[in-house]
Amino acid sequence: PGMNGFETAKLIRQRKKNELTSIVFMTAAEFSPSDEFAGYSLGAVDYLISPVEPEILQAKIRAFVDLYLKTLQVRESEQNFRQLAETIQEV
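In short, a report on the structure. (Residues numbered from 1 in each chain as written. Predicted model: local features only at pLDDT ≥ 70, side-chain atom pairs only at ≥ 80, totals over all residues. Heavy atoms only, no water.)

To continue, consider unusual backbone geometry. Across the junction of S50 and P51, the peptide omega takes the value 5°, indicating a cis bond. Tracing the backbone through its elements, the reader meets P51 in the loop between β2 (44–49) and α3 (54–90). (Helix = DSSP H or I, 4+ residues; strand = E, 2+ residues; numbered from the N terminus.)

Below, the structure is given as structure tokens:
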């Protein structure tokens, strides 16, 4: 209570564990291009305007989950590569 979405996004981004969290702003109010820019500069990946079509929301969620999973795969591959490089250097 008493916080807007921009303030909430700032709090989310302050935590290291939330660096991969996708932020999607949803509004029923009119917003200006400067509001949109403010959201994106805080890490938003999308804006939804209410009322939201369920099919569109589901498609966007699927896309963000896929991106998240691919990011995790890349990080795991990087970690495996580093471990392999360290092993090779030790030999």
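Now that the structure is up, let's keep going.
Residues I61, V65, Y68, L69 and L72 make up a contiguous nonpolar surface patch of about 420 Å² in total accessible area. Relative to the helices and strands, I61 is located in helix α3. (Patch = residues over 30% accessible without salt bridge, like charges linked within 9 Å, V, L, I, M, F, W, Y side chains within 5 Å. Areas by Shrake-Rupley, 256 points an atom, 1.4 Å probe, with all protein chains shown as cover. Salt bridge = Lys/Arg side-chain N within 4 Å of Asp/Glu carboxyl O.)

With 6 residues, the main nonpolar core is built from A9, I23, F25, L42, A44 and Y47. Mapped onto this core, the elements with two or more residues apiece are β1 (23–27) and β2. Filtering out sequence-adjacent residues up to four positions away, I23 remains in contact with A9, I12, R13, L42, G43, A44, V45 and D46. (Core = buried A, V, L, I, M, F, W, Y, C linked by side-chain atoms within 4.5 Å. Buried < 20%, exposed > 50% of the residue type's maximum accessible area, 1.4 Å probe, protein only. Contact = heavy atoms within 4.5 Å.)

Time to look at the pattern of salt bridges. Applying the stated criterion to the full structure yields 4 salt bridges. A salt bridge links E19 to R75; its shortest N-O distance comes to 3.3 Å. Separated by 56 residues along the polypeptide, E19 in the loop between α1 (5–14) and β1 and R75 in helix α3 bring together distant segments of the chain. In this structure E19 comes out as partly exposed when scored by relative accessible area, which is 38%. On the basis of relative accessibility, which here comes to 37%, the residue R75 falls in the partly exposed class. Across the pair R82 and E78 runs a salt bridge whose closest N-O atoms are separated by 4.0 Å. Note that R82 and E78 are positioned in helix α3 at a spacing of 4 residues, about one turn of the helix. The exposure class assigned to E78 is partly exposed, which follows from its relative accessible area of 39%. Overlapping salt bridges bring together K16, E19 and R75 as one network.

A separate point is the packing of aromatic side chains. This model, assessed by the stated rule, comprises 3 aromatic pairs. Taking the centre distance of 5.3 Å and the plane angle of 20° together, the rings of F25 and Y47 count as stacked. Separated by 22 residues along the polypeptide, F25 in strand β1 and Y47 in strand β2 bring together distant segments of the chain. With a relative accessible area of 11%, F25 lands in the buried category. Judged by relative accessible area, which is 11%, Y47 ranks as buried. Seen in terms of ring centroids, Y40 and Y47 are 5.6 Å apart; in terms of plane orientation they differ by 75°. Their pairing is edge-to-face. A connected cluster of aromatic rings, assembled from ring pairs, spans F6, F25, Y40 and Y47. (Phe/Tyr/Trp six-rings, centres within 6.5 Å; stacked < 30°, edge-to-face > 60°.)

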